[in-house]
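Close look at the chain arrangement
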Amino acid sequence: MGIKWDEFFITGDPLILGAQISIALTMIGIVFGLTYLKKWNWLWTEWITTVDHKRIGIMYIISAVLMFFRGGVDGLLMKAQTSRPEMEFLSSQHYNEIFTTHGVIMILFMAMPFLIGLMNVVVPLQIGARDVAFPQLNALSFWLFFSGAMLFNISFVIGGSPDAGWTSYFPLAGKEFSPSIANNYYAIALQIAGIGTLMTGINFIVTILKMRTKGMTLMRMPMFTWTTLITSVIIIAAFPIFTVALALMTFDRLFGTHFFTVSGGGMDMLWANLFWLWGHPEVYIVALPAFGIFSEVIATFSRKSLFGYKSMVYAIVGIALLSMLVWVHHFYTMGSGPAVNSFFSITTMLIAVPTGIKMFNWLFTMRKGRIKMTTAMLWSLAFVPCFTIGGVTGVMLAMGAADYQYHNTLFLVAHFHYVLIPGVVFAVFAGLYYWWPKMFGHLLNEKLGKWHFWLFVIGFNVTFMPMFFLGLSGAARRTYTFSAESGFAPLFLLSAMGSIVLAAGFAVFCYNIYWSLRYADRNISSDPWDARTLEWATATPVQHYNFAKLPEVKSLDAFWFMKKNNEGLTLKDSEIEEIHMPSNSGQPFIMCVLFGISGFFLVFEWSIAAAVAALGIFAGLIYRSFDYNDGYHIPVDEVRETELSWRNKKGEAHKHVS
Amino acid sequence: MEKSAKGFPTSHVIGFLFSLILTFVAAGVALKTSLSFTVIMWIIGSLAVIQAGLQLFMFMHMTEGEDGKTNIINIAYAVFVAVVIVLGTIWVLTSGHAAH
Ligand code: HEM
Ligand SMILES: [Cu+2]
């Protein structure tokens, strides 16, 4: 075995050569830039070794935006390829690689880190805590995600991209039919990132159950915190299934076992079954926090408490339980008996009930509210009709018998983009516009935000609406081209044009970040939206210890009532105390590098080298278990100084509630 | 069980004895009887589940401390998930032509 050097770099495709050159130049540029600006030290001490949940969250979000870019370019390439019949822009092999990496990257390396990033920034603040329960583990989670994501992303220039779809079904994904190393990237990169996610799940459950401030009972928690809690529970139930399935896949591909390989007596359908046992809950793992974001945004900008808070909580718990009971709807056509298909049709349709409850709750929250049309609110408003289209087509697909018709067509592709884009992408955009000041101390430009919003929403609908009709008239998914006689051409062209508008929206978003970082007003209040929950009860941007004095909660929408009753907003000098904080650590990053190296060798099936690198991982684990560093204290003077710098400033909005 | 925190660990000893008994019964059924294979599997399977439950209560401090309720919810959820995964998989993969 060992590395086949002549196949190491992918050669012969001008698109990929272009990518290789631009990657190399970007890397040189970054290294040069950091050295020139003497920023290496800053990067290491302030970011790479940080255990601060807010900074970790920001790193998650930056990675997610980059991955959105990568996944979005994949999407555009596919749309370009199918814009005309018989196009010869991408070969069929290249198209396979692109929809595979697009699917994996969008779900695992864009949606997940985006939401986990927002959870990191916001949840400890919402429950009035100074950090998560296990800060260093949190950093490790991030770095493992990062390691996995980078490993997956280099596949298209080194060794070849996985090409068996984001579902990587056996037998296609097995050694027999995919002999190159490309699919090893799938098995191993997702494994590494998955471990990180699992740790995040544990961390957030403990944080939310154990670190709530005084008076914050479960039923007083903000909705985003609730959804994060339930999401973490689903993560812990579902991710181990994926971990095991990927490990079995790795054994099959690397060491010749036959769990899923049919020729050796394995069961290929077991993979599909395990994949979706994880895969369906995964959809809820990304959807629930998004629902939490909408709940916060809608309540704030309707200037009312969330309607039906309790029913909302029950709905989330119901969704969490049901989400484990529907996985077969992804392979009705695999041929399980009528009893199985009927059972799963019913459970799937049942999920529409709690989801419908949530929809009505949001609508009733807005009813008679004094709605403020901020960009964050616009995303939430657009979410309602767009997601409903996704949901209704989902109920159509839920019927096993009918699914034989829709299965594997672009109807399905349109359906899940109508769920994932409004359900996740709109949500993270809403969340970013809303919480941006908490992270960076300034707002994103609202005018550019509206451009971003309109271009993106219109582009999205024009791109994906035609796909429903293409699918109904028989256009298969994962197909790189079609004939002129099929009659698909006009709708495909329309869809491709929509994707350009969509891309323009994303470009405005990137420009908005740039513009706001440079020019936006820094002199804003710590509570610019007149918001309701505790994250707004402290400075903007948040000081690294979050709260000088932990707030006390007396009701739902705690901060709103603090403002209304003028309670607990001020800080007496005598109340300032030393604050205990965790120390930074380079270990998570070192583990990231070790996992990356080990994973890379495993991808190339160089087991001995991988084992040697894995020894490093074990050494890291052992080292960590003898690490008795338990943090440091911030002296009173420093806390006082920080607090004086933002309290009682002009424009400080702590006094009134309108 | 609350009292056993100090003093004689009664519940642990009882748990230990019951575990031994259950184990020996299982071994006896498997090795010393001439029941059919299916019956043996059912008997020792049930004994194993009973023993797992017993150990959770007697040894793992399930109901002790402030988090007793949380623990029970946890275990119930874990059982639910495990049952769904194992039985669900078997059901799905052995019905219809998925089985062939
Ligand atoms: C931003 C604009 C996007 C565009 C233009 C786009 C376009 C596409 C296209 C053309 C396909 C393949 C259709 C085919 O089967 O031939 C696809 C597949 C897919 N997309 Fe997207 N997409 C976008 C965003 C997203 C997002 C945000 C997500 C998830 C969060 C996502 C998840 C997926 C998945 C999972 C697949 C299936 C991949 C597979 O078949 O293995 N996409 N997308
Ligand atoms: Cu599903």
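Residues numbered from 1 in each chain as written. Chains lettered and ligands numbered in written order. Predicted model: local features only at pLDDT ≥ 70, side-chain atom pairs only at ≥ 80, totals over all residues. Heavy atoms only, no water.

Selection rule: UniProt positions are given in the numbering used here, feature names are shortened, and annotations may be inferred rather than shown by experiment.
Labelled according to an unreviewed UniProt entry, chain B appears under the name Quinol oxidase subunit 4, originating from Aquibacillus albus. Here is the UniProt Function (unreviewed entry) comment for chain B, exactly as written: "Catalyzes quinol oxidation with the concomitant reduction of oxygen to water." Entered under Subcellular location (unreviewed entry) in the UniProt record, the comment concerning chain B runs "Cell membrane".

An unreviewed UniProt entry annotates chain A as Quinol oxidase subunit 1 of Aquibacillus albus. The annotation that UniProt attaches to chain A under Pathway (unreviewed entry) is "Energy metabolism; oxidative phosphorylation." In UniProt, chain A has this text filed under Sequence similarities (unreviewed entry): "Belongs to the heme-copper respiratory oxidase family."

Brief notes about the UniProt feature "domain: Cytochrome oxidase subunit I profile" (unreviewed entry) in chain A
Which entries qualify depends on this criterion: What counts as a helix is a DSSP run of H or I of at least four residues, what counts as a strand is a run of E of at least two, and both are numbered from the N terminus.
Within the UniProt annotation, "domain: Cytochrome oxidase subunit I profile" (unreviewed entry) is assigned to residues 36–554 of chain A. Helix makes up 68% of residues 36–554 of chain A and strand 0%. Its end C-alpha atoms lie 52 Å apart.

Focus: the nonpolar core
To keep it simple, the criterion reads: Definition of nonpolar core: a set of buried residues of the types Ala, Val, Leu, Ile, Met, Phe, Trp, Tyr and Cys, connected through side-chain atoms within 4.5 Å. Exposed residues in this analysis have more than 50% of their type's maximum accessible area, buried residues have under 20%, and partly exposed residues fall in between, with area computed by a 1.4 Å probe over protein chains only.
Formed by 199 residues in total, the largest nonpolar core has its most connected members in A:Phe109, A:Trp271 and A:Phe426. Counting residues in hydrophobic clusters, the runner-up holds 8 residues, among them A:Leu571, A:Ile579, A:Met581 and A:Ile634.

Considerations on the coordination of the iron atom of ligand 1
Residue and element names in this part refer to chain A. Selection rule: For Na, K and Ca the donor cut-off is 3.2 Å; for every other metal, N, O and S atoms count as donors within 2.8 Å. Water does not enter the count, which can leave sites looking incomplete. Working rule for geometry: tetrahedral if four donors all subtend angles between 85 and 135 degrees; square planar for four, octahedral for six, if opposite donors exceed 155 degrees and the others stay between 65 and 115; irregular in every other situation.
On the protein side, the iron atom of ligand 1 has His102 (NE2) and His417 (NE2) as donor atoms, found 2.0 Å from it. For the iron atom of ligand 1, the 6 donor atoms are set out with angles of 88 to 180 degrees between them, so the coordination reads as octahedral. With His102 in helix H4 (residues 92–126) and His417 in helix H13 (residues 410–440), the pair connects residues that are 315 residues apart, well separated along the chain. In this structure His102 comes out as buried when scored by relative accessible area, which is 14%. Of the residues examined, His417 reaches a relative accessible area of 14% and is grouped as buried.

Focus: unusual backbone geometry
Residue and element names in this part refer to chain A. Backbone torsion omega between Phe170 and Pro171 reads 0 degrees, so that peptide bond is classified as cis. Within the fold, Pro171 resides in the loop between helix H5 (135–154) and helix H6 (182–210). Here the residue pair Thr540 and Pro541 is connected by a cis peptide bond, since its omega of -5 degrees sits within 30 degrees of zero. Tracing the sequence through the fold places Pro541 in the loop between helix H15 (489–519) and helix H16 (558–565). Located in the positive-phi region is Ser168, a residue other than glycine, with phi close to 40 degrees. Phi angles above zero are rare outside glycine, and Arg303 is one such case at about 60 degrees. Here Arg303 shows up in the loop between helix H8 (268–302) and helix H9 (309–323). The class for Arg303 is buried, based on a relative accessible area of 9%.

Here we look at the side chain of A:Arg477
All names here are of chain A. The cut-off we apply is this: Think of it this way: Lys and Arg go in the positive column, Asp and Glu in the negative one, and His and the chain ends go nowhere. Salt bridges are defined as contacts in which a side-chain nitrogen from Lys or Arg sits within 4 Å of a carboxyl oxygen from Asp or Glu. Residues are treated as being in contact if the distance between any of their heavy atoms lies within 4.5 Å.
Along the chain, Arg477 turns up in the loop between helix H14 (446–472) and H15. No salt bridge is formed by the buried Arg477, whose closest oppositely charged neighbour, Asp403, lies at an N-O distance of 9.4 Å. Residue contacts for Arg477: discarding those within four places in its chain leaves Asn408, Thr409, Leu410, Leu412, Val413 and Phe416.

Some words on the interface of chain A and chain B
This is how it is decided: Buried surface area refers to the total accessible area, computed with a probe of radius 1.4 Å, that the two partners give up upon joining, counted for both partners together. Polar contact is defined as a pair of N or O atoms within 3.5 Å, subject to the rule that within protein one atom must be able to donate a hydrogen and the other to accept it, and that residues adjacent in sequence are counted only when both atoms are side-chain atoms. Each residue receives one of three labels: charged for Asp, Glu, Lys and Arg, nonpolar for Ala, Val, Leu, Ile, Met, Phe, Trp, Tyr, Cys and Pro, and polar for the others, Gly being one of them.
The interface is formed by 25 residues belonging to chain A together with 17 residues belonging to chain B. Note on chain A versus chain B: buried area summed over both sides is about 1600 Å², and carbon and sulfur give 77% of it. Across the contact surface, chain A and chain B share 0 salt bridges. Viewed at the interface, chain B and chain A are joined by 3 residue pairs in polar contact (both at pLDDT 80 or more). By residue class, the composition of the side of chain A that touches chain B is 20 nonpolar, 4 polar and 1 charged.

A short note on the confidence of the model for chain A
Defined as follows: Confidence of the predictor at the level of single residues is captured by pLDDT, which takes values from 0 to 100.
Here chain A shows a mean pLDDT of 91. Residues at 70 or above account for 97%. When the criterion is pLDDT under 50, residues 650–656 of chain A qualifies, and its contacts beyond four places in sequence or with other chains add up to 16 contacts.

A closer look at the coordination of the copper ion (ligand 2)
Residues and elements named next belong to chain A. Surrounding the copper ion (ligand 2) are the protein donor atoms His280 (ND1), His329 (NE2) and His330 (NE2), at 1.7 to 1.9 Å. Sequence positions of the residues that donate to the copper ion (ligand 2) give the spacing H-x48-H-H. Classification of His330 as partly exposed rests on a relative accessible area of 22%.

A short note on the site of ligand 1
Residues and elements named next belong to chain A. Worth spelling out the cut-off: We call a residue near a given molecule or strand whenever any one of its heavy atoms falls within 4 Å of it.
Within the structure, ligand 1 sits among 23 residues, and Tyr95, His102, Trp166, His417 and Arg478 are positioned closest to it. A distance of 2.7 Å separates an oxygen atom of ligand 1 from a polar side-chain atom of Tyr95. Between ligand 1 and Trp166, the relevant distance is 2.7 Å, taken from an oxygen atom to a main-chain nitrogen or oxygen of the residue. Of all the elements in the fold, those that place two or more residues in the shell around ligand 1 are helix H3 (53–81), H4 and H13.

Concerning empty space enclosed by the protein
Empty space among the atoms becomes visible once a probe the size of a water molecule is rolled across them. All names here are of chain A. We count it as follows: Points on a 1 Å grid, built from protein atoms alone, make a cavity when a 1.4 Å probe fits but cannot get out and make a pocket when they are open with protein on both sides within 12 Å along at least 5 of 7 lines; residues with an atom within 4 Å of a point are the lining residues. Grid points are joined across faces, edges and corners, and a volume is the space filled by probe spheres set on the points.
Counted by the stated rule, this structure contains 4 cavities of 30 Å³ or more. Lining the largest cavity are 19 residues, with Pro222, Met223, Glu296, Thr533 and Asp557 positioned closest to its centre. Put simply, the parts of the chain that give the lining of the largest cavity at least two residues each are H8 and H16. In terms of residues, the lining of the largest cavity owes the most to one element, H8, which gives 4 residues. A class-by-class count of the residues in the lining of the largest cavity yields 11 nonpolar, 4 polar and 4 charged.

Some points on the packing of helix H11 (residues 375–398) of chain A against H13(A)
When two helices pack together, you describe them by how their axes are tilted relative to each other and by the distance separating the axes. Residue and element names in this part refer to chain A. Selection rule: What counts as an axis is a line fitted to C-alpha atoms, over the stretch in contact for a helix, and the angles between N-to-C directions run from 0 to 180 degrees. Working rule for angles: under 35 degrees goes down as roughly parallel, over 145 as roughly antiparallel, 65 to 115 as roughly perpendicular, anything else as oblique. Here a crossing is taken to be left-handed if its near helix is turned anticlockwise relative to the far helix by less than a right angle, and right-handed if that turn runs clockwise.
In contact at an axis separation of 8 Å, H11 and H13 are set at 160 degrees when each is read in the N-to-C sense. By the criterion of interaxial angle, the relationship of H11 to H13 is roughly antiparallel. Relative to H13, H11 is oriented so that their crossing is left-handed. By residue class, the composition of the contact of H11 with H13 is 19 nonpolar, 7 polar and no charged.

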